[in-house]
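Read off the chains here:
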Amino acid sequence: MKISVFGAGYVGLVTSACLAEMGNSVLCADVDEARVAMLRGGAVPIHEPGLDELLARNAAAGRVAFTTDVRAAVEHGTLIFIAVGTPSSEDGSADVEHVLAAARSIGAHMTDYKAVVDKSTVPVGTADRVAAAIRAELARRAVIVPFAVLSNPEFLKEGAAIDDFMKPDRVIVGCDDERAGLLLRSVYAPFLRNRDRLMLMDVRSAELTKYAANAMLATRISFMNELARLSEQIGADIEQVRRGIGADRRIGSDFLYAGCGWGGSCLPKDVKALLRTGSDAGVPLDILASVLQVNERQRMLLAERVLQRFGPDLRGRRFALWGLAFKPGTDDMREAPSLTIVDALLQRGAQLQVFDPVAMDRARQVWAGREGLVYCDHPLQAADGADALIVVTEWREFRSPDFDALRERLRQPLVIDGRNLYDPALLESLGFECIGIGRPRAAVAATAALVEPLAA
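Just so it is clear, the model here is predicted, and its values are computed rather than measured.

Novice: Would you take a moment to explain unusual backbone geometry for this structure?
Specialist: As a rule of thumb, non-glycine residues mostly have phi less than zero, and peptide bonds are mostly trans rather than cis. Positive phi outside glycine occurs at Ala142, with the angle close to 60°. Within the fold, Ala142 resides in the loop between helix H6 (126-141) and strand S6 (147-151). The phi angle at Asn420 is positive, at roughly 50°, despite the residue not being glycine. By the element assignment, Asn420 lies in the loop between strand S13 (414-417) and helix H18 (424-429).

So this is what it looks like as structure tokens:
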């Protein structure tokens, strides 16, 4: 099938690559000429495991191509996916201007039937606005051309997006047009051969499902982070609590890991957008407001731990940071906890030696010109002469380092474990002091009341 994809960002590229892999002819359009030139040259502007190989293979086979020609993209595909960005506005709502701009372009150039698919994460009611934008352009041209607008939200995890697309838990389709529904079902059929996991529903329910899913995930994490703080005060171990409640089949074990807060391009933006949707509808979403508040507090926790140990003046102190991306498997630093931690410690005069397996180039862009940062080529290099190691992202290569070498390189054998990668008892047996999240430590409880909490 001929398919067009508007947007060569994260969702657009994964969608283009995976659909092309199944034999479709995909034309991916973007207004960013430099990005399109990069993709045509075989480079991929984002880090996603397996994406570069998938795009290269399908580009060589002639199944995926990239263009800045909007007219050509509209003409190419009967099925057109809109996968452009929807950043947060100042009021927390999702900015859908890029989505509507794509809709206007489709309406301005279409000459035959098109099934337009909202793949971007958009507020409830956006499909109606997309349809209105297309109709307005058709009216301006004084032509009548049939079309349909569907909602097909993405559920891709950064770092595992290819596998998520190829082997989906479910495919949500919001549709009220039979022809469009059949087209989209046929496109997803190769991905659903073992079991039909396509769920057909009305468009607004599909739009809400995406926000509800991410809000639920964020809620689970914030809930565990609250319990972790409680665990520290009453002498419980959040890791044992996690295993205990995760064994309940009604709850499950996913997204129950306490840590230093959640971030990325999805959860923060989607929680804020859903809060705004509730406010606009006159339905305050009090639980979600608390979820967001808990996360903002949790993002400051590791910096607070440093201040509890070393005091508010960190001049002359040096700290190693392992992990800058918001999660393993990606170089995405949007809303990453590392941003909050680095800013808080640099403001107090610390020097930071940072390492991430894939996000170093991104970090240099984010902190360009910022003094007090040393970018390291190896995790042990970051530990040289550091007063403490702060673990921010749970990359696999951090799980079992050479602890003897690490202890020798650190000025003080102190590990502040923001992801509970390590067993405190094991590290103490190896000569370290280990401060985790929600793990019982008398020293943490004793000093916590002495330091004023950092303002978010």
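Novice: For this particular structure, what's the right way to read the sheet that holds strand S12 (residues 388-391)?
Specialist: Strand-to-strand pairing in sheets goes through backbone hydrogen bonds, with the strands running parallel or antiparallel. With parallel pairing, the 6 strands of this open sheet are ordered in space as S11-S10-S9-S12-S13-S14. Each edge of the sheet is formed by a strand with only one pairing partner; in this case those strands are strand S11 (373-375) and strand S14 (433-435). Here the average twist between neighbouring strands, direction ignored, is 20°. Sheet topology note: the strand S9 (residues 318-322)/S12 ladder contains 4 bridges and is parallel. Note that in S12 the partner of Leu321 across the bridge is Ile390. Packed on one face of the sheet, helix H13 (residues 301-310) meets S9, S12, S13 and S14 and runs near 150° to S13.

Novice: What am I meant to see in the pattern of salt bridges here?
Specialist: Opposite charge on two side chains allows them to pair when their charged atoms are near. Tallied over the full model, the rule gives 28 salt bridges. Where Asp248 meets Arg250, a salt bridge forms, and the shortest distance between an N and an O atom there is 2.7 Å. The exposed category is assigned to Arg250, whose relative accessible area is 76%. By sharing partners, the salt bridges in this structure join Asp91, Arg276 and Asp280 into a single network.

Novice: Mind showing me how you'd approach the packing of helix H1 (residues 10-21) against helix H3 (residues 51-60) here?
Specialist: Each pair of packed helices can be summarised by the angle the axes make with each other and by the distance between the axes. Direction vectors running N to C along H1 and H3 enclose 50°, while the axes themselves pass 9 Å from each other. The angle between H1 and H3 falls in the class oblique. Seen from above, H1 lies across H3 with left-handed handedness. In contact with Leu13, Val14, Ala17, Cys18, Ala20 and Glu21 of H1, H3 contributes Leu51, Leu54, Leu55, Arg57 and Asn58. Of the residues contributing to the contact of H1 with H3, the split by class is 8 nonpolar, 1 polar and 2 charged.

Novice: Help me understand the side chain of Ser265 in this model?
Specialist: With respect to the element layout, Ser265 can be found in the loop between helix H10 (238-246) and helix H11 (267-280). In terms of polar contacts, Ser265 uses its side chain to reach the side chain of Glu158, at 3.1 Å. At 3.5 Å, the side chain of Ser265 forms a polar contact with the side chain of Arg334. Apart from residues lying up to four places away in sequence, Ser265 is in contact with Glu158, Asp332 and Arg334.

Novice: Just checking my understanding: could you explain the pairing of strand S5 (residues 114-118) for this structure?
Specialist: As a general feature of sheets, a regular strand has side chains that alternate between the two faces. Along S5, 5 of the 5 residues are buried, which leaves the element largely enclosed by surrounding structure. Two elements, strand S4 (residues 79-82) and S5, share 4 bridges in a ladder whose sense is parallel. The partner of Ile80 across the bridge, within S5, is Val116. The handedness of the S4 to S5 crossover, carried by helix H5 (residues 97-109), is right-handed. Two strands pair when backbone bridges link them, and S5 and S6 are joined in this way by 5 bridges, in the parallel orientation. By the bridge assignment, Val117 is partnered in S6 with Leu150. Between the parallel elements S5 and S6, the chain passes through H6 in a crossover that is right-handed.

Conventions adopted
- Residues numbered from 1 in each chain as written.
- Predicted model: local features only at pLDDT ≥ 70, side-chain atom pairs only at ≥ 80, totals over all residues.
- Heavy atoms only, no water.
- Helix = DSSP H or I, 4+ residues; strand = E, 2+ residues; numbered from the N terminus.
- Pairing = 2+ DSSP bridges.
- Axes fitted to C-alpha atoms, helices over the stretch in contact; angles between N-to-C directions.
- Contact = heavy atoms within 4.5 Å.
- Salt bridge = Lys/Arg side-chain N within 4 Å of Asp/Glu carboxyl O.
- Buried < 20%, exposed > 50% of the residue type's maximum accessible area, 1.4 Å probe, protein only.
- Parallel < 35°, antiparallel > 145°, perpendicular 65-115°, else oblique.
- Left-handed = near helix turned anticlockwise from the far one by under 90°.
- Nonpolar A, V, L, I, M, F, W, Y, C, P; charged D, E, K, R; others polar.
- Polar contact = N/O pair within 3.5 Å; in protein donor to acceptor, adjacent residues only side chain to side chain.
- Right-handed = clockwise from strand over helix to strand, strands pointing away.

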